Amino acid sequence: MCRPSQNPIKPPLRLLLTHESFNSTIPAKDDTNKLLQHSPYRYGLGGPDSMSTLLTVSVKVLFLFALEHLVRLAIQKHSHIDPILNVERNRHILARHLAVDFGSLAICCYIALRNRHTVCGELITYMKARGKSDSMSDEGTERRVFQYHPSSQQLLCWFFAYQTKNMYDTIYWNDGIEFVIHHIFAGAAAWGGMFPGCCHFYTIFYMGLSEISTAILCLLANFDDQFGVVGLEQVFPKTRVVLGALFVASFIVCRCIMWPVVTHHFFKDTSKALESKNPLAAGRRKFLHLLRFCCFGLSLIQLVFVAMIVQIGKEELTKLMS
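A quick note: this is a predicted structure, and the numbers were derived from the prediction, not measured.

Caption draft 1: Local environment of the overall build of the chain. If you tally the helices and strands in the chain, you get 12 helices and zero strands. Put simply, the chain runs from its N terminus to its C terminus through helices and strands in the order α-α-α-α-α-α-α-α-α-α-α-α. Reported as C-alpha extents along the three principal axes, the dimensions of the chain are approximately 85 × 45 × 30 Å. Considering the chain as a whole, with its 322 residues, one finds that 48% of them fall into the buried category.

Structure, rendered in structure tokens:
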């Protein structure tokens with residue numbers, strides 16, 4: 001009698017274009033999760049394999065290039081609105097911020113908002129109850145860190161594709177080394193969330209809900225003299241004021257109120273996960289340390305942003321008063 005092969009059957013290469021395509025692919029008989037333990041960088045937490053994910057990311061990046069070009073052509077077609085749109089560099093900047101930055105983050109925010117109750121409902125319950133709920137008890141730590149969620153995998157795939165295109169744009173436009181470093185860490189966190197895979201529970205907030213303020217900031221960046229279109233503020237003065245107000249409001253809610261609460265539970269859960277004897281923890285401890293480092297650094301950046309917002313707010317109030 002022939003012995004069964006010890007090598008797992010390679011899954012077919014496929015594009016991941018729907019929510020259903022991100023459903024778990026681990027065989028039902030693999031009740032000990034052997035694939036997840038021994039091949040975490042190929043199978044992650046049980047979703048589509050890394051090769052299909054790379055293929056999908058490549059298609060999404062090409063889609064963002066095409067969308068950017070189409071938006072640029074649309075702006076050129078309507079350049080008669082104002083002479084400022086006749087400048088080719090201005091059209092490129094607007095297309096980048098509208099199509100790539102805002103478009104990508106809008107998709108990420110949509111996925112997060114649509115699946116927030118399914119993936120992290122207990123976190124939302126905890127915040128609504130202002131901490132007076134036991135929905136975030138220690139008993140759910142391993143589930144929150146190691147459970148697979150198709151919607152989180154879909155969100156991470158989009159977010160990684162966006163960071164890939166964003167890295168290209170950052171280098172092409174010479175935005176600065178600080179942006180390059182940011183995209184490297186953000187991209188590493190997104191890919192690591194898929195392979196080896198962990199913390200899908202928290203993905204909905206960090207790569208989705210918290211990016212609502214960033215999406216608005218990408219629109220506001222069009223009015224910046226350094227990274228945007230010089231003179232656009234004079235063409236659309238009220239639009240800049242409205243976007244500025246929306247950004248401040250969303251930043252306070254997402255980054256100043258929600259971020260500390262979510263981050264507290266993130267560090268609490270990952271700390272326990274690092275000490276866990278769960279077989280899934282063995283191949284993911286190094287990445288968990290990296291995630292904690294990235295989260296700590298981003299949390300410090302929030303304080304810098306708060307100081308900048310206060311300073312800019314004072315300047316804007318002075319302009320309005322005068």
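Caption draft 2: Representation of the packing of aromatic side chains in the model. What the rule picks out here adds up to 16 aromatic pairs. An angle of 70° between the planes, with centres 5.2 Å apart, marks the rings of phenylalanine 65 and tyrosine 168 as edge-to-face. Within this pair, whereas phenylalanine 65 is found in helix H3 (residues 50–77), its partner tyrosine 168 is found in helix H6 (residues 150–172), the two being separated by 103 residues in sequence. A relative accessible area of 30% means that phenylalanine 65 is categorised as partly exposed. With a relative accessible area of 41%, tyrosine 168 lands in the partly exposed category. Put simply, the rings of Phe201, Tyr202, Phe205, Tyr206, Trp259, Phe266 and Phe267 touch in pairs and so form one group of aromatic residues.

Caption draft 3: View of the packing of H3 against H6. In contact at an axis separation of 9 Å, H3 and H6 are set at 55° when each is read in the N-to-C sense. Comparing their axes, H6 and H3 come out oblique. Between H3 and H6 lies a crossing whose hand is right-handed. Seen from H3, the contacting residues are Thr53, Thr56, Val57, Lys60, Val61, Phe63, Leu64, Phe65 and Glu68; seen from H6, they are Cys157, Trp158, Phe160, Ala161, Tyr162, Thr164, Lys165 and Tyr168. In the contact of H3 with H6, the residues fall into 11 nonpolar, three polar and three charged.

Caption draft 4: Seen up close, the environment of valine 100. Mapping valine 100 onto the fold places it in helix H4 (residues 88–128). Accessibility expressed as a relative area gives 0% for valine 100, which makes it buried. Linking valine 100 and glutamate 68, residues 32 residues apart in sequence, is a C-alpha distance of 6.3 Å. Beyond its immediate sequence surroundings of up to four residues, valine 100 is in contact with Leu64, Glu68, Ala95, Tyr162, Lys165 and Asp169.

Caption draft 5: View of the nonpolar core. One finds Cys199, Tyr202, Tyr206 and Met207 to be the most contacted residues of the largest nonpolar core, which totals 50 residues. Elements with a minimum of two residues in this core: H3, H4, helix H5 (141–146), H6, helix H7 (177–197), helix H8 (200–206), helix H11 (237–274) and helix H12 (285–321). Not counting residues up to four positions away in its chain, the partners in contact with tyrosine 206 are Glu211, Trp259, Val262, Thr263, Phe266 and Cys295. Grouped together as the second largest cluster of nonpolar side chains are 15 residues, Leu85, Val229, Leu232 and Phe251 included.

Caption draft 6: Layout of the side chain of threonine 141. Tracing the backbone through its elements, the reader meets threonine 141 in helix H5. With residues up to four places along the chain from it excluded, the contact list for threonine 141 reads Asp269, Lys272 and Ala273.

Caption draft 7: Just a nonpolar patch on the surface, in detail. A cluster of nonpolar side chains, Leu13, Leu15, Leu17, Met51, Leu54, Leu55 and Val59, forms an exposed patch at the surface whose accessible area comes to about 600 Å². Locating methionine 51 in the fold gives a position in helix H3. By relative accessible area, methionine 51 is classed as partly exposed at 45%.

Caption draft 8: Spotlight on the environment of serine 271. Counting through the fold element by element, serine 271 comes out in helix H11. We classify serine 271 as partly exposed; its relative accessible area is 30%.

Caption draft 9: A look at the confidence of the model for the chain. Residues of the chain with pLDDT of at least 70 account for 92%, and the chain-wide mean is 90. Mean pLDDT across the elements of the chain bottoms out in helix H1 (residues 34–38) (61) and peaks in H8 (98).

Caption draft 10: Inspection of the side chain of arginine 144 at higher detail. Mapped onto the secondary structure, arginine 144 falls in helix H5. For arginine 144, a relative accessible area of 1% translates into the label buried. Contacts of arginine 144, omitting those with residues within four sequence positions, involve Glu122, Ser135, Met136, Ser137, Asp138, Cys199, His200, Phe201, Tyr202 and Asp269.

Caption draft 11: Looking closely at unusual backbone geometry. Between phenylalanine 195 and proline 196 the backbone carries a cis peptide bond, its omega angle lying at 10°. Along the chain, proline 196 falls in helix H7. Of note, arginine 130 is a non-glycine position whose phi angle comes to about 55°, a positive value. Within the element layout of this structure, arginine 130 appears in the loop between H4 and H5. Given the relative accessible area of 76%, arginine 130 is considered exposed. Residue cysteine 199 is not a glycine yet carries a positive backbone phi of 60°.

What counts, and where the lines are drawn
- Residues numbered from 1 in each chain as written.
- Predicted model: local features only at pLDDT ≥ 70, side-chain atom pairs only at ≥ 80, totals over all residues.
- Heavy atoms only, no water.
- Helix = DSSP H or I, 4+ residues; strand = E, 2+ residues; numbered from the N terminus.
- Buried < 20%, exposed > 50% of the residue type's maximum accessible area, 1.4 Å probe, protein only.
- Phe/Tyr/Trp six-rings, centres within 6.5 Å; stacked < 30°, edge-to-face > 60°.
- Axes fitted to C-alpha atoms, helices over the stretch in contact; angles between N-to-C directions.
- Parallel < 35°, antiparallel > 145°, perpendicular 65-115°, else oblique.
- Left-handed = near helix turned anticlockwise from the far one by under 90°.
- Contact = heavy atoms within 4.5 Å.
- Nonpolar A, V, L, I, M, F, W, Y, C, P; charged D, E, K, R; others polar.
- Core = buried A, V, L, I, M, F, W, Y, C linked by side-chain atoms within 4.5 Å.
- Patch = residues over 30% accessible without salt bridge, like charges linked within 9 Å, V, L, I, M, F, W, Y side chains within 5 Å.
- Areas by Shrake-Rupley, 256 points an atom, 1.4 Å probe, with all protein chains shown as cover.
- Salt bridge = Lys/Arg side-chain N within 4 Å of Asp/Glu carboxyl O.
- pLDDT = per-residue confidence, 0-100.

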